[in-house]
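Residues per chain, in single letters:
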Amino acid sequence: MMRTLCLGFLVLSLLPLPASALEVGGTLSYEAIYQLEKEELVRSRFALKTSLEEELPVGRFYSSLWGWVDSKDEDHLELDQLYVDIYTPSMDFRIGRQLVSWGTADGFNPTDYVNPKDLFDPLEAEFRKTPLTIAQCTYYTGQSSITGVLVPEFNGQGLPEQIGKLLPFPFPEPKEPGDWQDKVQYGLRAETHLAGYDWQLSLYRGWDPYPALWMVPINEYAFRPESSYRRITKGGLAFAGTVGDVGLWGEGARMWPEKIDGLEGNPLALSSNDAYTQGILGVDYTFFDDLYASAQYLWSSRGSALSPYGQDDKAQSYLILQGRYTHWDHELELIGMTNITDSSWVLNPKYSYRVRPAVKLYVGGRFFFGDGDSEFGQAMVKDEDLIKGGIEFSF
């Protein structure tokens, strides 16, 4: 049924439509990725991202489709988002499968709680969020607003394949909550403009999308792996504004995971019962309209900010740098991230050329540097050095 619906969506999106009908947009692209250590082409993908949008008497209808055909991977077709907006003089409603974006930082948002992120796709430079079925309501008053979200859908992501490859034996699949009452998640965000800055105060109660992992000793030589989903509470504050011509933003969040007896005092646990904090502070500036630069400092109070697993609870600090130079139809971009604690790096260079207003060519790569036991330098990560190239048509 879902595949039939997606195919119908695809046909409709590619048909010529009258001006008064649905508004159609999207991209059709091809991308190839070559992994240097493996000396292997790991992606050869034709992809389609398309959306349908129409204004309604009381709001808006929106839906989007995402899919690909890849000679190096399984074909994929997915109905991405599908929701309806309803507008009233003081309140807005959005109901359906959607993405909710909270926070003010660029790329890494500690207060963006609602949709789970794919932290472990080795071929993607950005985190992809998973759409969920959500009821969202925003109430406006003056320069302030209050947004509430209700999520009746479970957001569990299972054990990431990249983590499973590192373990000496398989962990069992964690059991998902059965009743819909147990699956429900909810959150609240208050937003206002004060002293020249935008402020967001947020609170969320839901499920941790990645299961907790630990091992239980059976005897002196044997262990039993265990896994379990658990509830988590998150609260945070975000702001954004300017100081002269310099953009300034920051956000921080505190997370309180539900305690699991098997994790308490267990030296074989890969997860923890302890609460933890993540924060980010950033600035950006544009020089002569052609050169854009930004810098962000990221801090995690417990272990890696990029992985929920590990036995090292030491706080980690990161610096994220971005530079982008645009000249006519040419654009050169470099994004770098360093773990200041262990001096490892990951660099993402990219060059793109806009052949036509709707046609773009690009080449790029991703490269890791650091000692073998560092976050970005470890052998498992170094195997993911890659170069890529592609073409993208917009419509």
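A. Summary view of the overall build of the protein chain. Regarding its fold elements, the protein chain presents 4 helices and 22 strands. A globule of 395 residues ought to have a C-alpha radius of gyration of about 21 Å, and the protein chain, at 22 Å, matches this closely. Oriented by its inertia axes, the alpha-carbon framework of the protein chain measures out at about 75 × 55 × 50 Å. For the protein chain, the proportion of its 395 residues judged to be buried stands at 43%. Taking the contacts inside the protein chain whose residues are at least 6 apart along the sequence as the reference set, 54% of them involve residues at least 24 apart. On the protein chain, roughly 21100 Å² of surface is accessible, and the fraction owed to carbon and sulfur atoms is 59%. For the protein chain, the separation between the mean place of its 33 positive charges and that of its 55 negative charges on side chains is 2 Å.

B. Structural context of the pairing of strand E8 (residues 132–141). Across 8 bridges, the pairing between strand E5 (residues 91–98) and E8 is antiparallel. Opposite aspartate 92, over in E8, you have threonine 138 as the bridge partner. As paired strands, E8 and strand E9 (residues 144–151) are joined by 7 bridges and run antiparallel to one another. Counted as the bridge partner of tyrosine 140 is serine 145 from E9. Counting the residues that bridge the hairpin from E8 to E9 gives 2 residues, and of these glycine 142 lies at a positive phi of roughly 60 degrees.

C. The pattern of salt bridges, seen in detail. This model, assessed by the stated rule, comprises 13 salt bridges. In this structure, the salt-bridge partner of arginine 60 is aspartate 85, at a minimum N-O distance of 3.1 Å. Highlighted residues: arginine 60 in strand E3 (residues 59–70) and aspartate 85 in strand E4 (residues 76–87), separated in sequence by 25 residues. The class of arginine 60 is buried, set by a relative accessible area of 12%. A relative accessible area of 2% places aspartate 85 in the buried class.

D. Quick peek at the nonpolar core. Ranked by internal contacts, the top residues of the largest apolar core, which has 14 residues, are Phe108, Ile280, Leu298, Tyr318, Met337 and Phe376. Mapped by element, the contributors of at least two residues to this core are strand E17 (291–300) and strand E18 (316–327). The contact partners of phenylalanine 108, leaving out residues within four places of it in the chain, are Phe127, Gln278, Ile280, Leu298, Ala305 and Leu306. Counting residues in hydrophobic clusters, the runner-up holds 13 residues, among them Val100, Tyr113, Val114 and Met255.

E. Expanded view of the environment of proline 177. Note that proline 177 resides in the loop between helix H2 (161–164) and helix H3 (180–183). Sequence-wise, proline 177 and tryptophan 207 are 30 residues apart; in three dimensions their C-alpha atoms are separated by 9.9 Å.

F. How the structure looks around the environment of alanine 238. Along the chain, alanine 238 falls in strand E14 (residues 231–243). Along the chain, alanine 238 and leucine 248 lie 10 residues apart, while their C-alpha atoms are 11 Å from each other. Apart from residues no more than four positions distant in its own chain, alanine 238 is found in contact with Gly103, Thr104, Thr111, Asp198, Trp199, Gln200, Gly250 and Glu251.

G. Looking closely at a negative patch on the surface. A surface patch of like charges, here negative, comprises Asp261, Glu264, Asp274, Asp312 and Asp313. Tracing the chain through its elements places aspartate 274 in the loop between strand E15 (246–257) and strand E16 (276–287).

H. The arrangement of the pairing of E5 in detail. Bridge analysis of E4 against E5 gives 6 bridges, and the strand direction is antiparallel. Within E5, the residue paired with isoleucine 86 across the bridge is phenylalanine 93.

I. Focus on a nonpolar patch on the surface. Taken together, the side chains of Val243, Val246, Val283, Tyr285, Phe287, Phe288, Leu291, Tyr325, Leu332, Tyr351 and Val363 present a nonpolar region at the surface, about 990 Å² in accessible area. Of note, valine 283 is situated in strand E16.

Rules used throughout
- Residues numbered from 1 in each chain as written.
- Predicted model: local features only at pLDDT ≥ 70, side-chain atom pairs only at ≥ 80, totals over all residues.
- Heavy atoms only, no water.
- Helix = DSSP H or I, 4+ residues; strand = E, 2+ residues; numbered from the N terminus.
- Rg over C-alpha atoms; globule rule 2.2 N^0.38 Å.
- Buried < 20%, exposed > 50% of the residue type's maximum accessible area, 1.4 Å probe, protein only.
- Contact = heavy atoms within 4.5 Å.
- Areas by Shrake-Rupley, 256 points an atom, 1.4 Å probe, with all protein chains shown as cover.
- Lys, Arg positive; Asp, Glu negative; His and termini not counted.
- Charge placed at Lys NZ, Arg CZ, Asp CG, Glu CD.
- Pairing = 2+ DSSP bridges.
- Salt bridge = Lys/Arg side-chain N within 4 Å of Asp/Glu carboxyl O.
- Core = buried A, V, L, I, M, F, W, Y, C linked by side-chain atoms within 4.5 Å.
- Patch = residues over 30% accessible without salt bridge, like charges linked within 9 Å, V, L, I, M, F, W, Y side chains within 5 Å.

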